[in-house]
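Architecture and fold: a report
Each chain, letter by letter, is given below.
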Amino acid sequence: MFRILEKREMAERTVCEFKIEVPDIAKKAQPGQFVVIRANETGERIPLTMAGTDPEAGTINIIFQVVGKTTGLLRSFEEGDEISDIIGPLGVPTHVEKLGTVMCVGGGTGVAVMYPITKAYKEAGNHVIAIIGARTKDLLILEEEMKAASHDLRVTTDDGSYGHHGFVTDVLKQILDGGDDVKLVVAIGPVPMMKFVCKMTKEYDVKTVVSLNPIMVDATGMCGACRVSVAGKTRFCCVEGPEFDGHQVDFEELVKRQRAYLTEEKVSLDRFMGQIPE
Amino acid sequence: MAEEKAKGKKKEKVPRQKMLEQKPEDRVQNFDEVPFGYTPELARLEAGRCLQCKKPKCIDGCPVEIDIPAFIQLIYEGDFMGAAHKLKEQNSLPAICGRVCPQEDQCEKVCILGKKDEPVAVGRLERFTADWERAQGEIEIPEKDPPTGKRVAVVGSGPAGLTLAGDLIKKGHEVTIFEALHKTGGVLVYGIPEFRLPKAIVQAEVDYLAQLGVEIKAGHVIGRIKTVDELSEEGYDAIFLGLGAGLPLFMNIPGENLCGIYSANEYLTRSNLMKAYLFPEYDTPIAKGKNVTVLGAGNVSMDSARTALRLGADKVRIVYRRSRVEMPARIEEVHHAEEEGVEFHLLTTPTRCMGDDDGWVTGMECIRMELGEPDESGRRRPIPIKGSEFSMDCDLVVVAIGAGANPLLPTTTPGLELNKRGYIVADEEDGKTTKKGVWAGGDIVTGSATVILAMGAGRHAANSMHDYLMNGQTTWP
Ligand SMILES: Cc1cc2nc3c(=O)[nH]c(=O)nc-3n(C[C@H](O)[C@H](O)[C@H](O)COP(=O)(O)OP(=O)(O)OC[C@H]3O[C@@H](n4cnc5c(N)ncnc54)[C@H](O)[C@@H]3O)c2cc1C
Ligand SMILES: Cc1cc2nc3c(=O)[nH]c(=O)nc-3n(C[C@H](O)[C@H](O)[C@H](O)COP(=O)(O)OP(=O)(O)OC[C@H]3O[C@@H](n4cnc5c(N)ncnc54)[C@H](O)[C@@H]3O)c2cc1C
Ligand code: SF4
Ligand code: SF4
Ligand code: FES
């Protein structure tokens, strides 16, 4: 059992952050790695990226968007409550090196996944330009943190309520056109966003890394639920990823596989909503 | 009656006793165990069939050398608790082995009675005895040897790891099991379905180890949270790797990543470990195909096919590239599957999977095979028949064509030699690997095998480890 020490709600209660006591994982985790959480005895195993760790205090932070039953259930947990299982650190850590100018593009809750990676690129001595986007101002997360973690932060909202009116790709294009010698783009967010970023960076021939989020079960390489096609080859995202060369990823397949259980997810969520008083 | 010896008594011919079981039409509606097991009367009747051979062949057929005539004699005498203790001398998981051992290839294969008649039902008697003991609720906790002050880390909680942990804790060592999944038991909990091996039985065995003092750390993926070297640095004097062969193999044919195509590991893990058959009470979903195709014909395929029926499929087909005689599954499993209505399409192999616009599988293109010369496995090699392609509709596919070695731990463990298929190289006799202080056993050494062989490997490694820990052996091969 793992205790939730702090809880913070963000983005109009659609996003939630926990600080959880897991000393062994906190000691070992590196940027880009995730944990698998099973909230309770009847719970599903879901992967969530560590948005931060404090090895001394023995804590990790996770930030999750409430999209269905399990994330809904997690949000109903309060400080002091305990989570049945937290397994990690999983996945290959981000390969961080000094390259020059690196762009970190995060969309939606992808910003949470992006945050420790951005910090790591800056600490490695890169010039980091970050772009974060959300549908609307109130859904934007971690703006202050991302500002501190980068040299230059740009913000976009789809509805223009804050920052640039439009998509992260608009700003990305400006920068790529601006003649900065961008060595690497890291893009993390909803699949359509990553797909468009990759389409654009391919034209500019800039290497692009994406973090994929297929459905996972064990996340130790035992089941193959998480298989993704990269450069025409099947890869197990949980052990070989989650980061891959974005120009080689079959995003179409990923989206379809992510939608495999829409019917069941709705049944689960409706049942859950029927059980909670609100 | 209790004093009456089976030995020497002239036997009237008693047929091999069947276990009562659920009727096929009932059992496909539930996940309860299929056989009910022997009653004490049936068990004694069957025990009476044993000839109490002077040179019992059956013992040689058992990888852990259970004193089979002795425990059967105790059953015959009605001393079921005595029989249970006799079994436990050699086999720490009799309730499990009695259910899942391929007895027809082991103890029962060489039973002398089997030469003229049907062999003694050793497995069923073993199962009866262990179940009887468990039902009494008084599992005896044996005396442990005085503490040695040595610490042993066991990675993986399948039958190999559990057996080794049980042996070493009794010898006075401190034992910690690290298991990647959130539940212990390995394939026994994530792979083999409830209707063949109730999970409560596995849990009882794990609880027993915990009672003996084994520390169990589930949810610990070694290679990630800690490496093997870090375990040594933390003060573990010896480390056992019982990782299993947990890497699913795929066909590598076009369309294999369509939705509705599962590896058997995923399909069975969702159903067993995550209890998706109880969805939505449990949160993990599973696709319920109406028209299911299972690729492969081993135990894993039978388990998948029978799970699909229980999840509500109208039609379940097994597609296998060789013929019936080459099917690796246990006879009993094939028989159960056929009784339940699973169809067998032999000498057939898929070449491609087709899907709809949502990316969901709709069918497979297959080709017929014929058997050629024997291959390196000794079985006749299947060869595609040109022009025999045909297509087959289905809305769910389970790929159960075998497993490999998961590279996660080996790639983070320098000094551990692997063979060319990625399995850990370990001494056949004592399980020593090429890395000092590290042993390995079970499927991660042999490739997919059986529960009892994994247990045997755990036992041999335990003996070798105990020697090493007590005699301070410093040389390493
Ligand atoms: C490596 C990785 C890291 C992730 N990190 C984060 C993170 O930091 N923050 C965050 O908000 N989300 C993250 N996700 C996504 C998160 O796991 C899903 O949003 C979550 O599982 C949804 O569960 P649910 O029951 O609430 O919703 P559901 O209603 O069950 O599902 C909603 C959608 O989430 C996806 N999903 C469902 N089950 C799983 C599963 N077992 N594994 C993966 N995806 C699933 C499906 O595409 C589904 O359509 C990550 C996913 C991966 C693979
Ligand atoms: C569906 C199915 C049906 C079967 N039916 C039968 C049958 O009827 N009869 C029979 O005799 N055999 C059967 N077998 C085979 C038998 O189950 C295996 O041979 C046996 O379980 C192997 O035992 P093991 O201890 O080597 O490994 P496993 O049982 O595979 O256990 C290994 C454990 O190690 C864990 N692990 C792996 N890597 C790590 C890591 N890095 N850190 C921590 N933990 C780790 C795994 O999560 C797993 O729990 C079946 C197998 C399957 C899959
Ligand atoms: S353990 Fe297996 S092989 Fe040995 S006696 Fe029991 S059923 Fe037979
Ligand atoms: S070989 Fe058969 S008959 Fe002889 S002792 Fe063993 S089980 Fe009994
Ligand atoms: S989630 Fe099972 S192999 Fe990746």
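A few points on the structure. (Residues numbered from 1 in each chain as written. Chains lettered and ligands numbered in written order. Predicted model: local features only at pLDDT ≥ 70, side-chain atom pairs only at ≥ 80, totals over all residues. Heavy atoms only, no water.)

**Description of the overall build of chain A**
Helix and strand content of chain A: nine helices and 16 strands. A compact globule built from 278 residues would reach a C-alpha radius of gyration of about 19 Å, and chain A, at 18 Å, matches this within 12%. Across its three principal directions, the C-alpha atoms of chain A cover 55 × 40 × 40 Å. If you take every contact in chain A between residues at least 6 apart in sequence, the share linking residues at least 24 apart comes to 65%. Accessible surface, chain A as shown: approximately 11,700 Å² in total, 49% of it carbon and sulfur. Both charge centroids of chain A, one from 32 positive and one from 41 negative side chains, sit 3 Å from each other. (Helix = DSSP H or I, 4+ residues; strand = E, 2+ residues; numbered from the N terminus. Rg over C-alpha atoms; globule rule 2.2 N^0.38 Å. Contact = heavy atoms within 4.5 Å. Areas by Shrake-Rupley, 256 points an atom, 1.4 Å probe, with all protein chains shown as cover. Lys, Arg positive; Asp, Glu negative; His and termini not counted. Charge placed at Lys NZ, Arg CZ, Asp CG, Glu CD.)

**Some thoughts on the packing of aromatic side chains**
In this structure the tally under the stated criterion is nine aromatic pairs over all chains. Relative to Phe250 of chain B, the ring of Phe236 of chain A has its centre 6.3 Å away and its plane inclined at 90°; by these criteria the two rings are edge-to-face. One end of the pair, Phe236 of chain A, is in strand β15 (residues 233-236); the other, Phe250 of chain B, is in the loop between β7 (247-248) and β8 (261-263), on a second chain. Of the two residues examined, Phe236 of chain A and Phe250 of chain B, each falls in the buried class. A centroid spacing of 5.0 Å and a plane angle of 85° characterise the contact between Phe80 of chain B and Phe128 of chain B, whose relative ring orientation is edge-to-face. (Phe/Tyr/Trp six-rings, centres within 6.5 Å; stacked < 30°, edge-to-face > 60°. Buried < 20%, exposed > 50% of the residue type's maximum accessible area, 1.4 Å probe, protein only.)

**A look at the state of the cysteines**
Residues and elements named next belong to chain B. The tally for this structure, following the rule as stated, stands at zero disulfides over all chains. The structure places no disulfide on Cys97, whose sulfur is separated from the nearest cysteine sulfur, that of Cys101, by 4.4 Å. By relative accessible area, which is 1% here, Cys97 ends up buried. (Disulfide = S-S within 2.5 Å.)

**Focus on the site of ligand 1**
Residue and element names in this part refer to chain A. As a matter of local geometry, ligand 1 sits amid 24 residues, with Pro47, Ile63, Gln65, Thr71 and Gln258 nearest to it. With respect to ligand 1, the backbone of Ile63 contributes an N or O atom lying 2.9 Å from a nitrogen atom. At a separation of 3.0 Å, a nitrogen atom of ligand 1 approaches a polar backbone atom of Met216. Protein burial of ligand 1: of its 860 Å² of free accessible surface, 89% is covered by the chains. If you list the elements that add at least two residues to the shell around ligand 1, you get β4 (45-54), β5 (59-65), α2 (69-75) and α9 (262-275). Ranked by residues supplied to the shell around ligand 1, first place goes to β4 with five residues. The residue makeup of the shell around ligand 1, split by class, is 12 nonpolar, eight polar and four charged. (Near = heavy atom within 4 Å. Polar contact = N/O pair within 3.5 Å; in protein donor to acceptor, adjacent residues only side chain to side chain. Nonpolar A, V, L, I, M, F, W, Y, C, P; charged D, E, K, R; others polar.)

**Observations regarding the sheet that holds strand β16 (residues 396-399) of chain B**
Backbone hydrogen bonds are what pair the strands of a sheet, in a parallel or an antiparallel way. All names here are of chain B. The strand order β8-β16-β9-β10-β11 describes an open sheet built from five strands, whose pairing is parallel. Looking at strand neighbours, the two that pair on one side only are β8 and β11 (343-345), the edges of this open sheet. The sheet shows a mean angle of 25° between the axes of neighbouring strands, direction not considered. Looking at chain direction, β8 and β16 are connected through three bridges and run parallel. Residue pairing for β16: Tyr262 is matched across the bridge by Val398. (Pairing = 2+ DSSP bridges. Axes fitted to C-alpha atoms, helices over the stretch in contact; angles between N-to-C directions.)

**Side note on the sheet that holds strand β6 (residues 238-241) of chain B**
Residue and element names in this part refer to chain B. The sheet built from five strands is open, its strands ordered β5-β4-β3-β6-β18 with parallel pairing. Every interior strand has two partners, whereas the edge strands, β5 (215-218) and β18 (438-440), have only one. Strand-to-strand twist of the sheet, defined as the mean angle between neighbouring strand axes without regard to direction, takes the value 20°. In the sheet, strand β3 (residues 151-155) pairs with strand β4 (residues 174-179) via five bridges, with the strands oriented parallel. Of the residues in β4, the one forming a bridge with Val155 is Phe178. Sitting on the sheet, helix α16 (residues 451-471) touches β3, β6 and β18, and the angle it makes with β6 is about 170°.

**Here we look at the pairing of β15 of chain A**
On a regular strand, each side chain points to the face opposite its neighbour's, so the side chains alternate between the two faces of the sheet. Residue and element names in this part refer to chain A. Sheet topology places strand β14 (residues 227-230) next to β15; four bridges connect them, and they run antiparallel. Paired with Arg227 across the bridge in β15 is Phe236. Connecting β14 to the antiparallel partner β15 that follows it, the hairpin turn spans two residues, and Ala231 within it adopts a positive phi of roughly 55°.

**Comments concerning the pattern of salt bridges**
In the structure shown here, the tally under the stated rule is 52 salt bridges over all chains. Note that Glu17 of chain A is salt-bridged to Arg8 of chain A, the shortest N-O span being 2.6 Å. A residue is classified by how much of its surface remains accessible, and Arg8 of chain A, at 37% relative accessible area, is partly exposed. Of the charged contacts in the structure, one is a salt bridge between Arg196 of chain B and Asp303 of chain B, with a shortest N-O distance of 2.7 Å. With Arg196 of chain B in the loop between α9 (187-190) and α10 (199-212) and Asp303 of chain B in helix α13 (residues 299-310), this residue pair connects regions lying 107 residues apart in the sequence. Residue classification places Arg196 of chain B among the buried residues on the basis of a relative accessible area of 8%. A relative accessible area of 3% places Asp303 of chain B in the buried class. A network of salt bridges, in which partner residues are shared, links Glu21, Arg27, Glu104, Arg196, Asp303, Arg306, Arg310, Arg330, Glu332, Glu333, Glu339 and Glu340 of chain B. (Salt bridge = Lys/Arg side-chain N within 4 Å of Asp/Glu carboxyl O.)

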